[in-house]
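An overview of the molecular structure
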Amino acid sequence: MKKTIYIMMLAVLVAAFACEKKNDNNGDPVAVTDVSLNQTSATLTTGGTLTLVATVEPDDATVKTVEWESSNPTVATVLSSGLVTAIAPGSATIMVVTDDGNKTATCALTVNARIVSVTSVSLTQTSATLTTGGTMTLSATVEPDDATNPAVTWMSSSTITATVDNAGKVTALAPGATTITVTTADGGYTASCALTVTPIAVTSVSLNQTAAILIPGGTMTLTATVLPANAANQAVTWTSSSTVTATVDNAGKVTAVALGSATITVTTADGGYTDTCQLTVAEWIVDGVLWATKNVADYQTFAERPDMYTKFYQWNRSTAWPATGEVVTGWSEEDITDPIWTINPCPAGWRLPTDAEWSALETTGSTWANAGMRGNVVAGRFFGPRHSACTLPSDMLNCIFLPAVGWRHPNDGGLLDQSFEGYYWSSTQNGNTFGYNWRFYNTISTLSYNAKALGFSVRCVK
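Residues numbered from 1 in each chain as written. Predicted model: local features only at pLDDT ≥ 70, side-chain atom pairs only at ≥ 80, totals over all residues. Heavy atoms only, no water.

Here the focus is the pattern of salt bridges. Applying the stated criterion across every chain, the model contains six salt bridges. The closest approach of N and O atoms between Lys64 and Asp59, which form a salt bridge, is 3.4 Å. Residues Lys311 and Asp298 are paired through a salt bridge, measuring 2.3 Å at the closest nitrogen-oxygen approach. Pair noted here: Lys311 is in the loop between β29 (289-295) and α2 (355-362) and Asp298 is in the loop between β29 and α2, with a separation of 13 residues, a long-range link. The class for Lys311 is partly exposed, based on a relative accessible area of 23%. (Salt bridge = Lys/Arg side-chain N within 4 Å of Asp/Glu carboxyl O. Helix = DSSP H or I, 4+ residues; strand = E, 2+ residues; numbered from the N terminus. Buried < 20%, exposed > 50% of the residue type's maximum accessible area, 1.4 Å probe, protein only.)

One pass over the full model with this rule turns up 17 aromatic pairs. Consider the rings of Phe302 and Trp350, whose centres lie 5.4 Å apart with planes at 90°: the pair is edge-to-face. With Phe302 in the loop between β29 and α2 and Trp350 in the loop between β29 and α2, the pair connects residues that are 48 residues apart, well separated along the chain. Look at Phe302 and you get partly exposed, because its relative accessible area is 27%. Ring geometry for Tyr436 and Tyr449: centres 5.6 Å apart, planes at 75°, overall edge-to-face. Here the residue Tyr436 occupies a position in strand β36 (residues 434-441), and Tyr449 occupies one in strand β37 (residues 445-451), the gap between them amounting to 13 residues. Taking the relative accessible area as the measure of exposure, Tyr449 reaches 43% and is therefore partly exposed. One aromatic cluster in this structure is built from Trp291, Trp358, Trp368, Phe383, Tyr424, Trp438 and Phe440. In this arrangement the basic side chain of Arg374 is found over the ring face of Phe382, its NZ or CZ atom lying 4.5 Å from the centre. (Phe/Tyr/Trp six-rings, centres within 6.5 Å; stacked < 30°, edge-to-face > 60°. Lys NZ or Arg CZ within 6 Å of the ring centre and 35° of its normal.)

Written out as C-alpha cells, the structure is:
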C-alpha cells in the first residue's frame, strides 16, 4: 500500500515539472515572438511542388501552431503542411501566420509554364509522286504530344519542281525530283518526303473529222486534239493506210492521190493513243454528196463499168431484173405502198439519192452522148462541170456518166426505150403509190414521179 502511494506522488511531480517547463521562470506561458520561412522566394514550373518550413521563435514558445495561405490560389496552392503546388503561370505570395501573436512570414513564388522539349518529328509520307499541277498535304507529328513549342517550318529542296506552304500543302510545278523537309522550331528535328513530279500524261486524242471525201488532187487538213490540254507531250504522228490513195504530212495535211479509200491515223507520242479518219478519194462530189460512178447490178453490188446497162428494181424490192431479155418470176404488177426504201439496194455505206440530190446533180449541167462518142460503150448522159468534154473510162474527175438503160413496164416488166431514155429511182415518195425518179433522154433531163411498180435503174450516193 505504501508503495502504491509513492508511485502516484511521483507522477504528480513529473506532471508539475512539465507544466513548469512551458512557462517562464515565473510560471507564465512563453509567447511567440517571430516566425520565418526556409525560403523567401522560389520559382516553380506548372505542376511542380515545394515544401516550405516555418520556424517559430522562441524555440520554447508555448503555442507554435501556424496557418498557411496563398495570395493567388489560381497560380499556386498551399497545404497545412506547407506543401506548395504550382497550378498555372503567374505570381503568388505564400504566407505563414502563427496562431499565437499573428506573426507572419512570406515566400514570393513565381510559377513558369512547364517547358516540354521536342524529341522528334515525323511525316505521314516519306515518299510520294505527283503529276505536274497536282497537290497534296503532308502532316507532321511532333513528339511528345504536349511539347511546349510544336511549331515547324517547311522547305522544298527544289522550288522549280514543287513548293510547300506553311500548312504542308505541296504543289507540283514541273517534272523532276525534290525533297520536302519539315523542321521543328524547338530542337531542329527534321523529317523528309522524297517527291517525284511526273509529266501530265496524255489520255486521248481525237480528230475534227472521222470521215471525209476528196477528189484526186484535193487536200484537207485534219486537226488533232490531245487531252488533257495541259499534257506535257502533245506530239503526234500521222500515217496513211494507203499512200497510193492519199498521203498525210506531219501537220495533218491530207492530199488525195488516186481513187480509192485510205485510213488516216493520228497517234500520240505519249501513250500511243489513236484516232482515225476514213477517207474516200472519189471521182465526183455534188454539195458534199459523193456519187457512185457505176449503177447497181445485182442487189448491193456495183457494176463493173460506168457504161453498163445493169439491172432494174421495183420500189423497195431486193430482186433485180436484167437489162436484156424478158423478166423472170417475181415481177409485181401492183404499186408498192411502202413509204421509203427500207430494203436498200445499194452496197453497204451507200444509199439512194433524194429528189433534192438529183436536182442538185442537174444544176451541174449535162450532155447527151451516143454510144461510142466519148469512150462510152452505150448511150447516156454526162453530168458535171466538164460534162461536154468528159470521156470514159478514165476521165471521171469532174463528171459522172449515167447510161440510158431504159425502163420496164409496170404491167408485165417489158423492156422499153433502152439506149434512148434513162430512169433512176430516188428515195423520195410522192403519195402512197408514186415515187420520184430522175428521167433523161437525148435532149433533156428532169425530175418526175412514176408508179412504184415500174422497173428503174439505181445509182447510189453517200
